[in-house]
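Chains, contacts and geometry: an overview
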Amino acid sequence: MNFKLSQEHIMLQKMYREFAENEVKPLAEEVDEKEEFPVETVKKLAKYGWLGIPIPKAYGGAGGDNIAYAMAVEELSKVCATTGVIVSAHTSLCAAPILEFGTQKQKEKYLPPLAKGEKLGAFGLTEANAGTDASAQQTVAVLDGDEYVLDGSKIFITNAGYADIYIIMAMTDKTQGTRGISAFIVEAGTPGFTIGKKEAKMGIKGSSTCELIFENCRIPKENLLGKEGKGFGIAMKTLDGGRIGIAAQALGIAQGAIDVTVSYVKERKQFGKTLSYFQNTQFQLAEMAAKTEASRLLVYKAADFKDKNIPYSNEAAIAKLFASATAMEVTTKAVQLHGGYGYTREYPVERMMRDAKITEIYEGTSEVQKMVIAANLLK
Amino acid sequence: MKIVVCIKQVPDTTEVRLDPKTGTLIREGVPSIINPDDKSGLEAALQLKDEFGAHVTVLTMGPQQAEAALREALAMGADRAILLTDRAFAGSDTWATSCTLAAAIKNLEYDLIIAGRQAIDGDTAQVGPQIAEHLNLPQVSYVEDLKYDGSSFILKRVFEDGYHLVKVGKPCLITTLKEMNEPRYMSVMGIFDAYREKQIEVWNLKDITVERSYLGLEGSPTKVKKSFTKGAKTAGKVFEVDHKEAAKIIVDKLKEKYII
């Protein structure tokens, strides 16, 4: 066991921080306020290789590890959780399952443009009546000659509208329940595939969250990802990886809130002293820091297990459960320490608190994480 | 095109403190960076590489820690990195430094040598021009813009009150200003490559041919007699009054300080 970051990771962290500070942070407030997808930032992220961190070099990626990837999402989310989730959904939910379950042809076709960031990725599992109960899928895919015909709709899809490549779950055999679900690669622009309603959200407002609609959408047979009927397993494994990304996002939000609060309490004076002088402030900050550091270790551990091909489903669930709760707690405390100002949009902690909430909900709610952890304990 | 970029690792602050006893810089606790003028020089080289294709070698003389600056240069896109390090080089002034760097460059092929104008921890602006003299090369200093027409460089050399446009053939040496460009970030793949696929070549005294008496503290004609931290000046006060009033204020102030 080694808790010391490698020289490589230290240099990555330095670059991530410089980039986030100069290119992402200045836009965070506006991205939130205007609910604007940061198109230009995504282009810059692509240029510097952020969109293919754990993808092998052979497929156009950086050939990096999952700790390096988690650190990237963490550093982005410290200053802008919207940007963090764009990278996370793209990498963990689209590029990763193609890498893990794709055929050689699919990998060669789809991974290079995704890893280079020429194309953006997304993932569609959730439906209006199939949230945590993902097995209640109603979108269907029927094989017709050399094509599958997709009908149905997905909701709450991150990167929708901006993504070029979507991993879509659909029922190929309704009689089989979860064993009747299959995964498909669907390209934007395919006739019959349209983007529906855009959600108005509490947080991560700059990220695009929309409905996907499939009406007689014909996709080539070779776009089946994995085997027919294996879609549910693919979705669950994909979400295991996604949880590392979201836990890293939560970790980043928490650390970002601590950072701005530390500078605030050193400046803000009450009763003739800076807030940092008061023991309540110190104790609050100490708790915030301790839980955030614990989150970091959990996130890095799950990422490390994934890198070492050790089963990490339980670790990812623990990391996400703990990091998301920490993000919520830390941002709430950060707002409290900022007092009235914290409740205004003049300070970023208001946005951070709104952004934190989603980390307890998407890619498996905290309750789902508890189910995973408990199932592992009681098996 | 072959380009050699000389870089220096410097403390990341213009407010370096001096050890009052030894008169040397206190480097502990101060993060190190690539000197800003040098980093822009590296960026200029990488832009030439992007546009015309070039092989970029970064060269630095310094202690082992200077390796970090070279790794960063590799992660930005440099092809080769050389660390010149030897006890014999310690304590070099600009003359000894330029002799050492020039000796190393003699082992390399180059069409263009780039050095930053000056380092933020020394501000001498001497090393680049001295290297050019040692190597008998045409030099253009204070370069803020560089264009390449396929055979010559068209350089904008800036002065306080204007600029020259200078056309110079290969090979030559230029010194660059940080205002020249916005250096790129390291890329993710660049960082992995810098650690996994590229090497830092370490050259010692034995790897270069140089007159021994030109090296290190011994070979440095500059002798530091004393260094001290300049006392901080207060901001001062501006009075916009007529001359009589002004004279009175000045006299009062001088009296107040017991100067008159």
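Owing to the predicted nature of the structure, the values given are computational and were not obtained by experimental measurement.

A few words now on the overall build of chain A. Along its length, chain A carries 10 helices and 10 strands. Against the compact-globule benchmark of 21 Å for 379 residues, chain A has a radius of gyration of 21 Å, which places it among compact chains. Principal-axis analysis of the C-alpha atoms gives chain A an extent of 80 × 45 × 45 Å. Within chain A, the fraction of its 379 residues that count as buried is 53%.

Let's shift gears to the sheet that holds strand 7 (residues 139-148) of chain B. Residues and elements named next belong to chain B. Strand order in the open sheet made by the 9 strands is 9-8-7-10-6-1-4-5-11, with mixed pairing throughout. Two strands in the sheet have a free side with no partner beyond their single neighbour: strand 9 (162-168) and strand 11 (200-203). Across the sheet, the mean angle from the axis of one strand to that of its neighbour is 35°, orientation sign disregarded. Two strands pair when backbone bridges link them, and strand 7 and strand 10 (residues 172-176) are joined in this way by 3 bridges, in the parallel orientation. Paired with V143 across the bridge in strand 10 is T176. Lying over the sheet, helix 2 (residues 67-76) contacts strand 4 (55-61), strand 5 (80-84) and strand 11, oriented at roughly 170° with respect to strand 5. Packed on one face of the sheet, helix 3 (residues 94-105) meets strand 1 (2-6), strand 4, strand 5, strand 6 (112-116) and strand 11 and runs near 145° to strand 4.

To continue, consider the interface of chain A and chain B. The extent of an interface is frequently quoted as the accessible surface area lost upon association of the parts. Each side of the interface is counted separately: chain A has 14 residues, and chain B has 10 residues. Looking at side-chain class alone, the side of chain A that touches chain B contains 8 nonpolar, 4 polar and 2 charged residues.

On the secondary structure map, A:L12 appears in helix 1 (residues 7-33). Distance from A:L12 to A:A68, taken between C-alpha atoms, is 7.3 Å for residues 56 residues apart in sequence. Excluding anything up to four places from it in sequence, A:L12 contacts A:A68, A:M71, B:V188 and B:I191.

With that settled, the discussion passes to the packing of helix 8 (residues 313-338) of chain A against helix 10 (residues 366-378) of chain A. All names here are of chain A. It is at 9 Å that the axes of helix 8 and helix 10 come closest, and there the two elements cross at 140°. Classified by the angle between their axes, helix 8 and helix 10 sit oblique to one another. Judged by the twist between their axes, the crossing of helix 8 over helix 10 is left-handed. Residues S313, N314, A317, I318, K320, L321, S324 and A325 of helix 8 form the contact with helix 10, whose own contacting residues are S366, Q369, K370, V372, I373 and N376. Tallied by class, residues from the contact of helix 8 with helix 10 come to 6 nonpolar, 6 polar and 2 charged.

Take the pairing of strand 5 (residues 181-187) of chain A next. Residues and elements named next belong to chain A. For strand 5, a buried count of 6 out of 7 residues is recorded, marking the element as mostly surrounded by other parts of the structure. For strand 4 (residues 165-171) and strand 5, the ladder comprises 7 bridges, and the chain directions are antiparallel. By the bridge assignment for strand 5, A170 is matched with S182. Sheet analysis places strand 5 next to strand 8 (residues 224-225), joined by 2 bridges and oriented antiparallel. Paired with A183 across the bridge in strand 8 is L225.

Cut-offs applied
Residues numbered from 1 in each chain as written. Chains lettered and ligands numbered in written order. Predicted model: local features only at pLDDT ≥ 70, side-chain atom pairs only at ≥ 80, totals over all residues. Helix = DSSP H or I, 4+ residues; strand = E, 2+ residues; numbered from the N terminus. Rg over C-alpha atoms; globule rule 2.2 N^0.38 Å. Buried ≥ 20, exposed ≤ 12 C-beta atoms within 10 Å, placed from the backbone. Pairing = 2+ DSSP bridges. Axes fitted to C-alpha atoms, helices over the stretch in contact; angles between N-to-C directions. Contact = placed C-beta atoms within 7 Å. Nonpolar A, V, L, I, M, F, W, Y, C, P; charged D, E, K, R; others polar. Parallel < 35°, antiparallel > 145°, perpendicular 65-115°, else oblique. Left-handed = near helix turned anticlockwise from the far one by under 90°.

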